[in-house]
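Single-letter residue listing:
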Amino acid sequence: MFYIEPHLPLNTSCIHKYHAPFGNKADTPSQRVQFILGTEDDDLEHIPHDLFTELDELSFRDGGATEWRETARWLKFEEDVEDGGERWSKPYVATLSLHSLFELRSCILNGTVMLDMRANSIEEIADMVIDSMVASGQLKEDLRDKVREAMLKKHHHQNERKLSNRIPLVRSIADIGKKHSDPLLLERNGPMVSPHSLPNNLDGNKAMERRPSKVGVDMNFMKKIPPGAEASNVLVGEVDFLEKPIIAFIRLSPAVLITGLTEVPVPTRFLFLLLGPRGKGPQYHEIGRSMATLMTDEIFHDVAYKAKDRTDLLSGIDEFLDQVTVLPPGEWDPTIRIEPPKNVPSQSKRKRPSHPNGNAPPAGELEKEDDHLAGPELQRTG
């Protein structure tokens with residue numbers, strides 16, 4: 001079973017009004033998010049996991065789309081493919097344009113939202129997404145096959161070129177046979193598919209058969225991925241058969257290991273798809289970066305796992321927008337990348353209810369908060 005949000009007609013006028021009146025009009029985005037995060041689920045499917053996020057974009061040759069090509073990835077901070085696809089950049093703090101965040105909000109507001117979809121393959125996902133788009137009027141029936149073909153294009157990952165130079169062209173039959181039972185990935189990364197992430201129609205042995213081998217996986221990067229992590233795949237691209245963009249946000253339940261979709265062998269939990277007319281590639285790229293960056297934000301990440309409908313996702317975006325600091329143009333150099341902080345600031349204050357009527361918290365609570373936020377040289381000694 002999965003939940004499909006009713007389609008809303010595409011309308012860009014909403015991007016200037018990001019505080020939509022959800023529920024009680026007096027509720028702030030922060031209060032709505034605190035309510036969402038405070039809800040307890042009886043099942044284990046909505047417990048947040050660490051996320052690896054990957055951005056893939058359609059590449060073209062001779063005027064036609066040939067494959068999805070990985071252009072960026074996130075564990076906590078962004079890394080981009082550089083030098084014509086030869087290497088990864090150092091991790092850096094993602095800087096986003098306010099306009100692309102508003103456009104992303106419009107995408108979630110007007111696009112297809114499918115939560116807790118049960119699917120075992122990218123083909124099943126594509127069919128269910130396209131069915132929903134056609135039923136809602138977001139996509140014309142005669143474009144079904146073209147969208148499906150685009151969604152099912154092969155995925156090319158940055159590490160494949162680097163590793164292909166190391167892999168011998170001829171391998172023994174024994175080596176080929178070993179790839180389905182190689183325990184190395186399990187030893188280094190823990191179980192790649194948790195008991196709660198296995199599709200109902202797969203037993204443990206079949207799941208083992210679907211695990212990819214270490215061939216084609218950057219093991220140095222794999223060490224950085226926490227055990228039990230899941231994937232968020234962001235797919236954006238230009239096509240020549242659409243007159244307006246089509247958008248989908250999907251949460252799978254359970255997460256599914258889809259061979260070839262992700263750079264690292266972890267099960268996919270979220271997919272974000274944006275396909276639109278040619279000529280707006282940079283715009284789609286920035287919307288994709290905004291989606292990926294949101295998935296790495298501690299608060300929105302938890303909202304995405306616990307959201308029950310489109311409104312919850314929009315509340316998460318609104319709360320994120322409330323926390324954003326804008327750097328005025330002309331007063332900083334956007335080509336200079338911001339280094340990640342040595343100590344990532346705690347986001348616990350965003351999860352706690354604010355004090356009513358602007359009253360100050362009790363003195364003891366204030367002292368505890370100060371001690372938590374201050375470094376050892378500034379801790380209260382009494």
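It should be emphasised that the depicted structure is a prediction, and the values quoted were computed from it without experimental measurement.

Engineer: Break down the overall build of the protein for me, citing the residues and quoting the values.
Structural biologist: Counting its regular elements, the protein contains 14 helices and 10 strands. The burial tally for the protein puts 47% of its 382 residues in the buried class. Of all intrachain contacts in the protein linking residues separated by at least 6 positions in sequence, the fraction that spans at least 24 positions is 76%.

Engineer: Before we move on, could you go through helix H11 (residues 298-306) and cite the residues and values that matter?
Structural biologist: Of all 9 residues in H11, 8 are buried, a share of seventy percent or more. Buried within H11 we find Ile299, Phe300, His301, Asp302, Val303, Ala304, Tyr305 and Lys306.

Engineer: An account of the pairing of strand S4 (residues 78-82) is requested, with residue identities and associated values reported.
Structural biologist: Counting buried residues in S4 gives 4 out of 5 residues, a clear majority hidden from the surface. Where S4 and strand S5 (residues 87-88) come together, 2 bridges link them in antiparallel fashion. Paired with Glu82 across the strands is Arg87, a residue of S5.

Engineer: Mind laying out the packing of aromatic side chains, listing which residues take part and the relevant values?
Structural biologist: Counted by the stated rule, this structure contains 3 aromatic pairs. Ring centres 6.0 Å apart and planes at 40° place the aromatic pair Phe249 and Phe270 in the tilted group. Taken together, the residues Phe249 in strand S9 (residues 246-256) and Phe270 in strand S10 (residues 268-277) connect sequence positions 21 residues apart. In terms of burial, Phe249 and Phe270 fall into one category: buried. Both rings, one in Phe270 and one in Tyr305, keep their centres 5.0 Å apart while their planes meet at 90°; by these two values the pair is edge-to-face.

Engineer: Outline unusual backbone geometry, listing residues and values.
Structural biologist: Ser253 connects to Pro254 through a cis peptide bond whose omega is 5°. Among the secondary structure elements, Pro254 is positioned in strand S9. Even without a glycine there, the phi angle at Asp116 is positive, about 65°. Here Asp116 shows up in strand S6 (residues 112-117).

Engineer: Now, about the pattern of salt bridges: what can you tell me, with residues and values included?
Structural biologist: Summed over all chains, the structure comprises 17 salt bridges. With a closest N to O distance of 2.6 Å, Glu263 and Arg73 form a salt bridge. Of this pair, Glu263 sits in the loop between S9 and S10 while Arg73 sits in strand S3 (residues 64-74), and the two are 190 residues apart along the sequence. For the pair Glu263 and Arg73, a shared accessibility class is recorded, and that class is buried. Here Glu141 makes a salt bridge to Arg144, at a shortest N to O gap of 3.0 Å. For Arg144, a relative accessible area of 21% gives the class partly exposed. Residues joined in a network through salt bridges with shared partners are Asp80, Glu82, Arg87 and Arg337.

Engineer: Tell me what's going on with the packing of H11 against helix H12 (residues 310-323), and back it up with residues and numbers.
Structural biologist: Close contact between H11 and H12 brings their axes to 9 Å; oriented N to C, the two are set at 175°. The angle between H11 and H12 places the two elements in the roughly antiparallel class. Each of Ile299, Phe300, Val303 and Ala304 in H11 lies in contact with H12, whose residues at this interface are Asp312, Leu313, Gly316, Ile317 and Glu319. Per-class residue counts for the contact of H11 with H12 are 6 nonpolar, 1 polar and 2 charged.

Criteria and cut-off values
- Residues numbered from 1 in each chain as written.
- Predicted model: local features only at pLDDT ≥ 70, side-chain atom pairs only at ≥ 80, totals over all residues.
- Heavy atoms only, no water.
- Helix = DSSP H or I, 4+ residues; strand = E, 2+ residues; numbered from the N terminus.
- Buried < 20%, exposed > 50% of the residue type's maximum accessible area, 1.4 Å probe, protein only.
- Contact = heavy atoms within 4.5 Å.
- Pairing = 2+ DSSP bridges.
- Phe/Tyr/Trp six-rings, centres within 6.5 Å; stacked < 30°, edge-to-face > 60°.
- Salt bridge = Lys/Arg side-chain N within 4 Å of Asp/Glu carboxyl O.
- Axes fitted to C-alpha atoms, helices over the stretch in contact; angles between N-to-C directions.
- Parallel < 35°, antiparallel > 145°, perpendicular 65-115°, else oblique.
- Nonpolar A, V, L, I, M, F, W, Y, C, P; charged D, E, K, R; others polar.

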